[in-house]
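# Understanding the architecture of this molecule
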Amino acid sequence: MRVESILEKVLPAKYYPRVERMYLKRRGIRYWGWKHTCPCCNGHFRTFVPWGTKPVQIACPRCYSVARYRLLYLYLRNKTGFFKDSLKVLDIAPTQNFQEMCKSLPSIDYLSVDISSPLAIVRMDITAIALTENSFDCIICYHVLEHIPDDGKAMAELFRVLKPGGWAILQTPVDHSRDTTYEDPAITDPDARESAFNQCDHVRIYGRDYKDRLERAGFNVHIDDYLEELGEAAIERYVLIRDEKIYLCTKPS
Ligand SMILES: [Zn+2]
């Protein structure tokens, strides 16, 4: 049994986050090395580790960031003003690390929402966002839309609350070999959804028309093949996966 498990049994719950940080620090030391770098926690490691199931992902041993978040950090750092500009940010379905990082930046006024996650600051259905229009400079929506039956309504709501001139990164899995999105609202059983859409809680597989759907909501869409720009050495260093392009969406001024 790891020492942190024993500590969690004997210490009050308020100490759990401290114990968890201690465990992650120890893991970081255990996996320390120069081969790989995590852009999320800036750690250096000899290897990354498998994490989760269906699908198993390759995570940073210290902060557990998965490949798509490592790509997001690199993109935000190198291609946007996210870490420098004064921004009002809306984060849909937050992850703990990204949320903590955003909250730690004095230049960012941060709000996270989710329909059910206890991590979110506010519980909210993004097909009916209870927020004022034109109120955010930036929206981050990572792998959410493929779960939402009425994705058009969600996209329209995201567009509504974004300020004119604002930008959003709206990521979903996209099968670029497909012309059109595959969806069938009659498929509701989790096993059937897994067979049809690759995951038990997905409701579609987006094709290249994902861009058209975003444009119908009003966005200008720039598909950035940032992995290609980064190149093989960076893909190896940051342990990225060649499975997505960045959908950078802007609201016309
Ligand atoms: Zn990390």
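Provided above is the structure to which this section pertains.
Summary of the structure given here. All values reported here derive from a predicted model rather than from experimental measurement.

For the zinc ion, the full set of protein donor atoms is C38 (SG), C41 (SG), C60 (SG) and C63 (SG), and the range of their distances to it is 2.3 Å. The site at the zinc ion holds four donor atoms, and with the angles between them running 103 to 119 degrees, its shape is tetrahedral. For the zinc ion, the donor residues sit on a single chain with the sequence spacing C-x2-C-x18-C-x2-C. Separated by 25 residues along the polypeptide, C38 in the loop between β1 (32-37) and β2 (44-45) and C63 in the loop between β4 (57-59) and α3 (67-79) bring together distant segments of the chain. We classify C38 as buried; its relative accessible area is 0%. On the basis of relative accessibility, which here comes to 12%, the residue C63 falls in the buried class.

All right, on to a nonpolar patch on the surface then. On the surface, I6, V10 and L11 cluster together to form a nonpolar patch covering roughly 250 Å² of accessible area. Among the structural elements, I6 can be located in helix α1 (residues 3-10).

Within the secondary structure, A233 sits in helix α9 (residues 232-237). On a C-alpha basis, the gap between A233 and K14 in space is 42 Å, while along the polypeptide they are 219 residues apart.

Before going further, it helps to spend a moment on the sheet that holds strand β12 (residues 220-224). Spatial ordering of the open sheet is given by β7-β6-β5-β8-β9-β13-β12, a layout of seven strands whose pairing is mixed. Single-partner strands in this sheet number two, and they are β7 (122-123) and β12. Of the strands in this sheet, β8 (136-142), β9 (162-171), β12 and β13 (246-250) are in contact with α3, which crosses β8 at around 155 degrees. Sitting on the sheet, helix α5 (residues 151-161) is in contact with β5 (87-92), β8 and β9, with an inclination near 140 degrees to β9.

Attention now moves to the packing of aromatic side chains. Taken as a whole and assessed by the stated rule, the structure comprises 15 aromatic pairs. When the ring of F82 is compared with that of W167, the centres are 6.4 Å apart and the planes differ by 70 degrees; the resulting orientation is edge-to-face. With F82 in the loop between α3 and β5 and W167 in strand β9, this residue pair connects regions lying 85 residues apart in the sequence. Grouping residues by exposure puts F82 and W167 together as buried. An aromatic cluster of three or more residues is present, and its members are Y69, Y73, F82, F83, F98, Y142 and W167. A cation sits over an aromatic face here: R77 above F83, 5.4 Å from the ring centre. One cation-aromatic arrangement involves K88 over F136; the distance from NZ or CZ to the ring centre is 5.2 Å.

All right, on to unusual backbone geometry then. Among all residues except glycine, the phi angle is most often negative; among peptide bonds, the trans geometry is most common. With a phi close to 60 degrees, N42 is a non-glycine residue in the positive phi region. For N42, the position within the fold is in the loop between β1 and β2. You will see that N198, though not glycine, has its phi angle at about 75 degrees, which is positive. Here N198 shows up in the loop between α6 (190-197) and β11 (204-205). N198 sits in the exposed class, given a relative accessible area of 57%.

A few words on the layout of surface pockets. Approximately 200 Å³ is the volume attributed to the second largest pocket. Forming the boundary of the second largest pocket are I92, A93, V113, D114, I115, S116, M124, D125, I126, V144, H147 and I148. Here the residues of the lining of the second largest pocket are counted per class, giving eight nonpolar, two polar and two charged.

Scoring rules and cut-offs
Residues numbered from 1 in each chain as written. Predicted model: local features only at pLDDT ≥ 70, side-chain atom pairs only at ≥ 80, totals over all residues. Heavy atoms only, no water. Donors = N, O, S within 2.8 Å, 3.2 Å for Na, K, Ca; no water. Tetrahedral: all angles 85-135°; square planar, octahedral: opposite > 155°, others 65-115°. Helix = DSSP H or I, 4+ residues; strand = E, 2+ residues; numbered from the N terminus. Buried < 20%, exposed > 50% of the residue type's maximum accessible area, 1.4 Å probe, protein only. Patch = residues over 30% accessible without salt bridge, like charges linked within 9 Å, V, L, I, M, F, W, Y side chains within 5 Å. Areas by Shrake-Rupley, 256 points an atom, 1.4 Å probe, with all protein chains shown as cover. Salt bridge = Lys/Arg side-chain N within 4 Å of Asp/Glu carboxyl O. Pairing = 2+ DSSP bridges. Contact = heavy atoms within 4.5 Å. Axes fitted to C-alpha atoms, helices over the stretch in contact; angles between N-to-C directions. Phe/Tyr/Trp six-rings, centres within 6.5 Å; stacked < 30°, edge-to-face > 60°. Lys NZ or Arg CZ within 6 Å of the ring centre and 35° of its normal. 1 Å grid on protein atoms, 1.4 Å probe; cavity = no way out; pocket = protein on both sides within 12 Å on 5 of 7 lines; lining within 4 Å. Points joined across faces, edges and corners; volume = space filled by probe spheres on them. Nonpolar A, V, L, I, M, F, W, Y, C, P; charged D, E, K, R; others polar.

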